[in-house]
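Listed here are the chains, written in short residue letters.
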Amino acid sequence: METRALAIAFFYAIGTAVGGISGSLLFDNLVKSGDRAPVSIALFVGTGVITLVGVIEVFFGVKAERANLEDIAMPLTAADAEKNWVFR
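Everything numeric here is computed off the predicted structure, so don't read it as measured data.

Analysis parameters
Residues numbered from 1 in each chain as written. Predicted model: local features only at pLDDT ≥ 70, side-chain atom pairs only at ≥ 80, totals over all residues. Heavy atoms only, no water. Helix = DSSP H or I, 4+ residues; strand = E, 2+ residues; numbered from the N terminus. Expected span 1.5 Å × (residues − 1). Bend = angle between axes of the 7 residues up to and from the residue. Axes fitted to C-alpha atoms, helices over the stretch in contact; angles between N-to-C directions. Parallel < 35°, antiparallel > 145°, perpendicular 65-115°, else oblique. Contact = heavy atoms within 4.5 Å. Nonpolar A, V, L, I, M, F, W, Y, C, P; charged D, E, K, R; others polar.

In this structure, what is going on with helix H1 (residues 2–33)? I would like to understand it.
Along an α-helix, residues three or four apart share an orientation, since each turn contains 3.6 residues. Its 32 residues give H1 an end-to-end C-alpha distance of 45 Å, which sits within 8% of 46 Å, the value for a rise of 1.5 Å per residue. Along H1, the largest kink reaches about 25° and is centred on Gly23. Downstream of H1 by a residue or two, Gly34 has a phi angle that is positive, lying close to 85°.

Structural data, given as structure tokens:
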């Protein structure tokens, strides 16, 4: 659970920074160009990436709805505690 929480926080921060900064600059320049084609292409590329990620999740995602996270994966601290207890 700790790793999951850390990964969520890390990728949320990175995604927010990248999307908030570079996305705004990119689309600002595309809109200022006055040409609709580059804006449309950028939106279609973004749609394609999101669709691809959704398809990947279907194949590799863990079915976790209505399940306790402890039932899906043992917390690292619990695994360390069990490992240390077993080898004493």
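Looking at this model, I keep getting lost on the packing of H1 against helix H2 (residues 36–60). Mind explaining?
Packed helix pairs are characterised by how far apart their axes lie and by the angle those axes make with each other. Contact geometry of H1 with H2 gives a least axis separation of 8 Å together with a crossing angle of 150°. Between H1 and H2, the crossing angle belongs to the class labelled roughly antiparallel. Listed contacts from H2 to Phe27, Leu30 and Val31 of H1 are Pro38, Val39, Ala42 and Leu43. For the contact of H1 with H2, the per-class residue count stands at 7 nonpolar, no polar and no charged.

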